[in-house]
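A closer look at the structure
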Amino acid sequence: MESPAPVGGIHHLTAVTGRAADNVAFYTGVLGLRLVKKTVNQDDVSAYHLFYGDELGRPGTEVTFFDWPHAGPNRSGAGTIAGFTLRVTSRDALDWWASRFADLGVVHGPIVDHRGRAVLRFRDPEGQRLGLVEDDAAAETPPWIGSPIPAEAQIRGLQAVAITVNDLSPTAWTLTEVLGFREIDTYPHPEDPAGRIVVYVTRSGASRSELHVAERPGLPRGRVGIGGVHHVAFRVPDDEAHRAWRERIHAAGLGVTPVIDRFYFCSIYFREPGGVLFEIATDGPGFATDEDPAHLGERLALPPFLEPRRTAIEAGLTPLEPVPGRRVG
Ligand code: ZN
């Protein structure tokens, strides 16, 4: 197989919400991310696809949600994504967030040292498992002046995604031999005497990302639902690299989709051998391709092929005004 450069870090991840209005209130109002694109799931236009990120929704900062009120609850287990962490610049920022979470009633743990990094774990209102991590690379993502969060505490992109598999070796092979990740750490699973966690990294600087793979033999399969993560996407710079990666993944015997033009980026999808859905997405053209950067996410954006159906699509969506009186934390 020819060997393109390793895939870049995490491009975005896509999770599942059953309450889109509350989701917007939490990720923008509590976490201070920017809603950079309000669009629909291109494969199911009755559902919002909400993109949160930094000022421009740069690759590596995008946390996105499908709005699937009837998906049922997430059931963690083998073959699923177990959670993800977001970067902040300092330990002081973690203290600031711990105090904010306490004030707002957001479910959270203490700040702990985990394998050399300070981590503050918390849940969103639907039980989504997140963490904030002190990370030097955070400073490479500029703060967003429009955020309700002070610049020094702002979230600066995705740091790691955790997945769970029954058998590490085929997943490890995919990560290291196909995608070009490097193993950097391994330790016993804190809750499963039969399990272990192996940490893989790709690239450096702002596009440095980690994948934490929990190997848990015998753990029942999970099921993706509300409060869980549907897939994780990794970065490539352009269409040429994207095509080379598709060839490489196909040649490795992993069933991979054709290139799909998502309008804001191009995508391919494949399931790693442990069962988790992976995507590889191009960095461009990005979210300012159809909206003024000053007004991203303010109206429903539709790619050109869906624009003729706008009236019908809008009629099928529930407005995103928060439900009065409902706690967002
Ligand atoms: Zn995706």
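Residues numbered from 1 in each chain as written. Predicted model: local features only at pLDDT ≥ 70, side-chain atom pairs only at ≥ 80, totals over all residues. Heavy atoms only, no water.

Thoughts on a negative patch on the surface
As a reminder, the rule being used: Think of a patch as exposed residues, more than 30% relative accessible area, with no salt bridge, where like charges cluster within 9 Å and nonpolar side chains (Val, Leu, Ile, Met, Phe, Trp, Tyr) cluster within 5 Å. Here the accessible surface of atoms and residues is derived via Shrake-Rupley with a 1.4 Å probe, and residues count as covered only by protein chains that are part of the display. Take a side-chain nitrogen of Lys or Arg and a carboxyl oxygen of Asp or Glu: if they are within 4 Å of each other, that pair is a salt bridge. Within this scheme the basic residues Lys and Arg register as positive and the acidic residues Asp and Glu register as negative, but His and the chain ends are omitted. Charged groups are reduced to one reference atom each: NZ for lysine, CZ for arginine, CG for aspartic acid, CD for glutamic acid. Counting from the N terminus, the helices are DSSP H or I runs at least four residues long and the strands are E runs at least two residues long. Note on classification: 1.4 Å probe, protein chains only; a residue is buried when its accessible area is under 20% of the maximum for its type, exposed when over 50%, partly exposed between these limits.
Residues Asp-238, Asp-239, Glu-240 and Asp-261 make up a contiguous surface patch of negative charge. Residue placement: Asp-239 occurs in helix H4 (residues 239–251). We classify Asp-239 as partly exposed; its relative accessible area is 42%.

Quick notes on the coordination of the zinc ion
What counts is decided by this rule: Here a donor is any nitrogen, oxygen or sulfur atom (N, O, S) within 2.8 Å of the metal, with 3.2 Å used for Na, K and Ca; water is not among the atoms considered, so some sites may look incomplete.
In the first shell of the zinc ion, the protein supplies His-12 (NE2), His-231 (NE2) and Glu-279 (OE), at 1.9 to 2.1 Å from the metal. In primary-sequence terms, the residues that donate to the zinc ion follow H-x218-H-x47-E. Note that His-231 is positioned in strand E13 (residues 229–236) and Glu-279 in strand E16 (residues 277–285), a separation of 48 residues in sequence.

Focus on helix H1 (residues 20–30)
Every α-helical turn comprises 3.6 residues, leaving residues that sit three or four positions apart pointing alike. With respect to burial, H1 is a largely interior element, nine of its 11 residues being buried. Among the residues making up H1, those that are buried are Ala-20, Ala-21, Asp-22, Asn-23, Val-24, Ala-25, Phe-26, Tyr-27 and Val-30. Positive phi appears at Gly-32, one or two residues downstream of H1, with a value of about 75 degrees.

Describing the environment of Leu-120
Using the following cut-off: Any two residues whose heavy atoms approach within 4.5 Å at even a single point are treated as in contact.
Along the chain, Leu-120 falls in strand E7 (residues 117–123). A sequence separation of 17 residues divides Leu-120 from Ala-137, and the C-alpha atoms of the two residues are 17 Å apart. When neighbours within four sequence positions are excluded, Leu-120 is seen to be in contact with Leu-94, Trp-97, Ala-98, Phe-101, His-108, Gly-109, Pro-110, Ile-111, Leu-130, Gly-131 and Leu-132.

Comments concerning the packing of aromatic side chains
Think of a pair of aromatic rings as described by two things: how far the centres are apart, and how the planes are tilted against each other in angle. We apply this condition: Centre distance within 6.5 Å is the pairing criterion for rings of Phe, Tyr and Trp, where only the six-membered ring of Trp is used; planes under 30 degrees apart are then read as stacked, over 60 as edge-to-face, and the remainder as tilted.
Evaluated as defined, the whole model comprises 15 aromatic pairs. Ring centres of Phe-234 and Phe-278 lie 5.3 Å apart, and the angle between their planes is 80 degrees; on these two criteria the pair is classed as edge-to-face. Here Phe-234, found in strand E13, pairs with Phe-278, found in strand E16; they are 44 residues apart in sequence, far enough to count as distant. Side by side, Phe-234 and Phe-278 carry an identical accessibility label, which is buried.

Quick notes on H4
Our working rule: To estimate the expected span of a helix, count its residues, drop one, and scale the result by 1.5 Å. Think of a polar contact as two N or O atoms within 3.5 Å of one another; within protein, one of them needs to be a possible hydrogen donor and the other a possible acceptor, and neighboring residues in sequence only count if both atoms come from side chains.
Here H4 contains 13 residues, and its C-alpha end-to-end distance of 18 Å stays within 8% of the 18 Å for a straight helix at 1.5 Å per residue. Restricting attention to buried positions, one finds in H4 the residues Ala-241, His-242, Ala-244, Trp-245, Arg-246, Arg-248 and Ile-249. Against helix H3 (168–178), E13, strand E15 (265–271) and E16 lie the buried residues of H4. Two or three places before Glu-240, at the start of H4, stands the capping residue Asp-238, its side-chain oxygen 3.3 Å from that residue's backbone nitrogen.

Overview of the pairing of E13
The condition that has to hold: Two strands pair under a simple rule: DSSP has to find at least two bridges between them.
Within E13, seven of the eight residues are buried, which leaves the element mostly enclosed by the surrounding structure. Bridge count between strand E1 (residues 10–17) and E13: five bridges; the pairing is antiparallel. Directly across from Ala-15, in E13, lies its bridge partner Val-229. Where E13 lies against E16, five bridges are found, and the strand directions are parallel.

A look at the side chain of Glu-210
Along the chain, Glu-210 turns up in strand E12 (residues 209–215). Residue Glu-210 is classed as buried on the basis of its relative accessible area of 6%. Separated by 2.8 Å, the side chains of Glu-210 and Arg-208 make a polar contact. A polar atom in the side chain of Glu-210 sits 2.7 Å from the side chain of His-212. If near-sequence neighbours (up to four positions away) are discounted, Glu-210 is found in contact with Ile-10, Arg-117, Gln-159, Ala-160, Val-161, Ile-184, Val-199, Tyr-200 and Val-201.

Observations regarding unusual backbone geometry
Residue Pro-285 is bonded to the preceding Gly-284 through a cis peptide linkage, with omega at 5 degrees. Looking at the element boundaries, Pro-285 is found in strand E16. With a phi angle near 50 degrees, Arg-115 is a residue other than glycine that sits in the positive phi range. The phi angle at Phe-263 is positive, at roughly 75 degrees, despite the residue not being glycine. Its place among the elements puts Phe-263 in the loop between strand E14 (260–261) and E15. Taking the relative accessible area as the measure of exposure, Phe-263 reaches 22% and is therefore partly exposed.

With respect to the nonpolar core
Basically, it comes down to this: In plain words, nonpolar cores are sets of buried Ala, Val, Leu, Ile, Met, Phe, Trp, Tyr and Cys residues tied together by side-chain atoms within 4.5 Å.
Counting residues in each nonpolar core, the largest one holds 72 residues, and the members touching the most others are Leu-31, Trp-97, Leu-132, Leu-179, Ile-249 and Phe-278. Not counting chain neighbours up to four residues away, the residues in contact with Leu-132 comprise Leu-86, Val-88, Leu-94, Trp-97, Phe-101, Ala-118, Val-119, Leu-120, Phe-122 and Ile-155. Counting eight residues, the second largest nonpolar core, distinct from the first, contains Tyr-264, Phe-265, Ala-281 and Leu-296.

Re the pairing of E7
Note that strand E6 (residues 108–114) and E7 share five bridges and pair antiparallel. Among the inter-strand pairings, Ile-111 is bridged to a residue of E7, identified as Leu-120. Here E6 folds back onto E7 in antiparallel fashion, the turn holding two residues, of which Arg-115 has a positive phi close to 50 degrees. Strand direction decides the pairing type here: E7 and strand E8 (residues 129–134), joined by five bridges, are antiparallel. Within E8, the residue paired with Arg-121 across the bridge is Gly-131. Joining the antiparallel neighbours E7 and E8 is a turn of five residues, in which Gly-127 adopts a positive phi near 90 degrees.

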